[in-house]
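Listed below, chain by chain, are the residues.
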Amino acid sequence: MSYNNLSKEELKKELENLQKQYKEIQDKNISLDMSRGKPGLDQLAISMGMLDVLTSESDLKAEDGTDCRNYGVLDGIPEAKRLMADMMDTDPDNVIVCGNSSLNLMYDCIAKSFTHGVLGSTPWGKLDKVKWLCPSPGYDRHFMVTESFGIELITVDLHEDGPDMDQVEELVKDEAVKGIWCIPKYSNPSGVTYSDEVVKRMANLKPAAKDFRIFWDNAYAIHHINNDEANQDKLLDIITECEKAGNPNMVMEFASTSKVTFPGAGIAAMASSKENISAIKDLMKFQTIGFDKLNQLRHVKYFKDFSGMVKHMEKHADLLKPKFEAVLKVLNEELKDLEIAKWTNPNGGYFISLDVMEGCAKKVVAMCKDAGMVLTGAGATFPYGKDPKDSNIRIAPSFASPEDLIEASKILVVCTKIATIEKLLAE
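Below or above, wherever it landed, is the structure these notes cover. Bear in mind the structure is a predicted one, so any value in this text is a computation, not a measurement.

Cut-offs applied
- Residues numbered from 1 in each chain as written.
- Predicted model: local features only at pLDDT ≥ 70, side-chain atom pairs only at ≥ 80, totals over all residues.
- Heavy atoms only, no water.
- Helix = DSSP H or I, 4+ residues; strand = E, 2+ residues; numbered from the N terminus.
- Rg over C-alpha atoms; globule rule 2.2 N^0.38 Å.
- Buried < 20%, exposed > 50% of the residue type's maximum accessible area, 1.4 Å probe, protein only.
- Contact = heavy atoms within 4.5 Å.
- Salt bridge = Lys/Arg side-chain N within 4 Å of Asp/Glu carboxyl O.
- Pairing = 2+ DSSP bridges.
- Axes fitted to C-alpha atoms, helices over the stretch in contact; angles between N-to-C directions.
- Phe/Tyr/Trp six-rings, centres within 6.5 Å; stacked < 30°, edge-to-face > 60°.
- Lys NZ or Arg CZ within 6 Å of the ring centre and 35° of its normal.
- Left-handed = near helix turned anticlockwise from the far one by under 90°.
- Nonpolar A, V, L, I, M, F, W, Y, C, P; charged D, E, K, R; others polar.
- Core = buried A, V, L, I, M, F, W, Y, C linked by side-chain atoms within 4.5 Å.

Structural notes on the overall build of the chain
Line of reasoning, step 1. The secondary structure content of the chain amounts to 13 helices and 13 strands.
Line of reasoning, step 2. Rg of the C-alpha trace for the chain: 23 Å, near the compact-globule value of 22 Å for 427 residues, within the 12% margin.
Line of reasoning, step 3. Counting only C-alpha atoms and orienting by the principal axes, one finds that the chain spans roughly 75 × 55 × 35 Å.
Line of reasoning, step 4. The burial tally for the chain puts 56% of its 427 residues in the buried class.
Line of reasoning, step 5. Long-range contacts, defined as pairs at least 24 residues apart, comprise 76% of the intrachain contacts of the chain with a sequence gap of at least 6.

Section: the pattern of salt bridges
Line of reasoning, step 1. The full count for this structure, using the stated rule, is 23 salt bridges.
Line of reasoning, step 2. With its nearest N and O atoms 2.9 Å apart, the salt bridge here joins Asp211 to Lys178. In this pair, Asp211 is assigned in the loop between α7 (196–203) and β7 (213–217) and Lys178 in strand β6 (residues 177–182), connecting sequence segments 33 residues apart. Accessibility classification places Asp211 together with Lys178 in one group, the buried group.
Line of reasoning, step 3. By sharing partners, the salt bridges in this structure join Asp166, Glu169, Glu197 and Arg201 into a single network.

Section: the pairing of strand β3 (residues 131–136)
Line of reasoning, step 1. The element β3 is largely enclosed, with a buried count of 6 among its 6 residues.
Line of reasoning, step 2. Residues of β3 alternate between two faces, with Lys131, Leu133 and Pro135 on one and Trp132, Cys134 and Ser136 on the opposite face, all of them buried.
Line of reasoning, step 3. Note that β3 and strand β4 (residues 152–159) share 6 bridges and pair parallel. Among the inter-strand pairings, Trp132 is bridged to a residue of β4, identified as Leu153.

So, the sheet that holds strand β11 (residues 352–356)
Line of reasoning, step 1. A sheet is described by the order of its strands in space; here 3 strands give the open sequence β10-β11-β13, paired in antiparallel fashion. Across the chains shown, the open sheet's two edge strands, defined by having one partner strand only, are β10 (341–343) and β13 (392–395). Between one strand axis and the next, the sheet turns by 20 degrees as a mean value, whatever way the strands run.
Line of reasoning, step 2. Examined bridge by bridge, β11 and β13 share 4 bridges and lie antiparallel to one another. Among the inter-strand pairings, Ser353 is bridged to a residue of β13, identified as Arg394.

Here's the deal with the packing of aromatic side chains
Each aromatic ring pair is characterised by the separation of its centres together with the angle its planes make.
Line of reasoning, step 1. Applying the stated criterion to the full structure yields 11 aromatic pairs.
Line of reasoning, step 2. For the ring pair Trp124 and Trp132, a centre distance of 5.9 Å and an interplane angle of 65 degrees mean the geometry is edge-to-face. For the residue pair Trp124 and Trp132, the accessibility class agrees, reading buried in each case.
Line of reasoning, step 3. Look at Tyr220 and Tyr350: their rings are 6.2 Å apart centre to centre, the planes differ by 25 degrees, and that puts the pair in the stacked class. Taken together, the positions of Tyr220 in the loop between β7 and α8 (238–244) and Tyr350 in the loop between β10 and β11 put the pair 130 residues apart, joining distant regions of the chain. Take Tyr220 and Tyr350: they sit in the same class, and that class is buried.
Line of reasoning, step 4. Note that Lys38 overlies the ring of Phe399, its terminal NZ or CZ placed 4.8 Å from the centroid.
Line of reasoning, step 5. Against the face of Tyr350 rests Lys259, its NZ or CZ located 5.2 Å from the ring centre.

Quick notes on the pairing of strand β9 (residues 268–271)
Line of reasoning, step 1. Burial of β9 is two-sided: the residues Ala268 and Met270 facing one way and the residues Ala269 and Ala271 facing the other way are all buried.
Line of reasoning, step 2. Taken together, the 3 bridges between strand β2 (residues 95–97) and β9 define a ladder with antiparallel strand orientation. The residue bridging Val95 from the neighbouring strand is Ala271, located in β9.
Line of reasoning, step 3. In this structure, strand β8 (residues 251–256) lies alongside β9, joined through 4 bridges in antiparallel fashion. When the sheet's bridge partners are listed, Glu253 is paired in β9 with Ala271.

Describing the packing of helix α3 (residues 78–88) against helix α10 (residues 293–303)
Line of reasoning, step 1. Packing of α3 against α10 leaves a shortest axis separation of 9 Å and a crossing angle of 65 degrees. Where α3 crosses over α10, the handedness of that crossing is left-handed. Where α3 abuts α10, its residues Glu79, Ala80 and Leu83 lie against Gln296, Leu297, His299, Val300 and Phe303.
Line of reasoning, step 2. Taken together, the residues that form the contact of α3 with α10 break down as 5 nonpolar, 2 polar and 1 charged.

A few points about the nonpolar core
Line of reasoning, step 1. Counting 58 residues, the largest nonpolar core has Tyr3, Met373 and Ile411 as its most contacted members.
Line of reasoning, step 2. If one sorts the elements of this core by residue count, helix α13 (residues 402–426) sits on top with 11 residues.
Line of reasoning, step 3. Non-local contacts of Tyr3, meaning those with residues more than four positions away in its chain, are made with Leu11, Glu14, Leu18, Leu338, Ile340, Lys417, Thr420, Ile421 and Leu424.
Line of reasoning, step 4. Ranked by size, the runner-up nonpolar core spans 50 residues in total, among them Val95, Val192, Ile267 and Ala271.

A look at the sheet that holds β6
Line of reasoning, step 1. With mixed pairing, the 8 strands of this open sheet are ordered in space as β2-β9-β8-β7-β6-β3-β4-β5. Because the sheet does not close on itself, it has two edges, and the strands there are β2 and β5 (162–163).
Line of reasoning, step 2. The sheet contact formed by β6 and β7 spans 4 bridges and is parallel. Across the sheet, the residue bridging to Cys182 is Trp216, located in β7.

The structure is reproduced here in structure tokens:
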């Protein structure tokens, strides 16, 4: 049954029934939160053993003899650089291992570009206008970082294979465009992975600004939901592709173990060309003597190597898959035949992207909140928090239990149906 085939009288009758269901939900005083991609308590529990790996003085030295309790080592201990390089599919010489937050690294790189410029270019803070490309729907915190510096945000359409590269190639002809946000694998919130063609076109960009940078936030590089390799997305290495294209300095790649171990106590890394890394280290030496080497050492001792990290991620997948399946099951059973919404079925990452009827997202999110279920604010996945179609909703299934997710998804479905019918009746 499609709502589009119902008469106005039939729609009104359906609306009355749904409003009764909604009132019953409100009377239950439910409290559910699907607003952020936080690992669940069950996921945090599987990393607890990492806290017990440093038990004697002999455990406190890095492989090069560095005492990790003391000052020093600006760019990370060798074994941590190797671990993160394997995670990012690059060379350890291209990597700096820092604190716990990759978002902080991205912010810091933009801040340094404003104060010191990029490899000798005019500092962005001295320019009249700085613009940034934002594939959307995308990560709200990315957009907020650049917005906080007064950078003009430009929306780029995100397709199933990545950003609309025709748009990107045209927009970078403007010298004021200094960068682009990218979440290339299991993108937040859509779950898409950039195709080989998109990665190659990105690496072969010819921007007017010589200080243009691709901010390649590979946050979900190993975050598969399926342990079956046939259902895991693959991504070309952007650093290698940029080198092939003669643009080795154009990309800055970021990653962390925030959703591998502990979000508040992981390790974050950036990777780029040797020239970029050297310039960043030259500036970084004025702001720190070194990051938390004990935490870096804990991660290496716990995982041993990248294969140990991969096995650890299989445990995460076993916990996440039933949660995603719970949400998708309800959406498929309740909304598919009505033809009033569409949603993603990702192979990894932390989100499901739901597109409701145009003009209904804010209404749906507000109704869910009034029914006791919190979602990310409608519009958050677009620059300035403004979804031009008012249709995209980000669903974060990771924190709740599968049982709670079924309950939450039913609330979402009822609210979506009500908002859709009210929109149809108003037309």
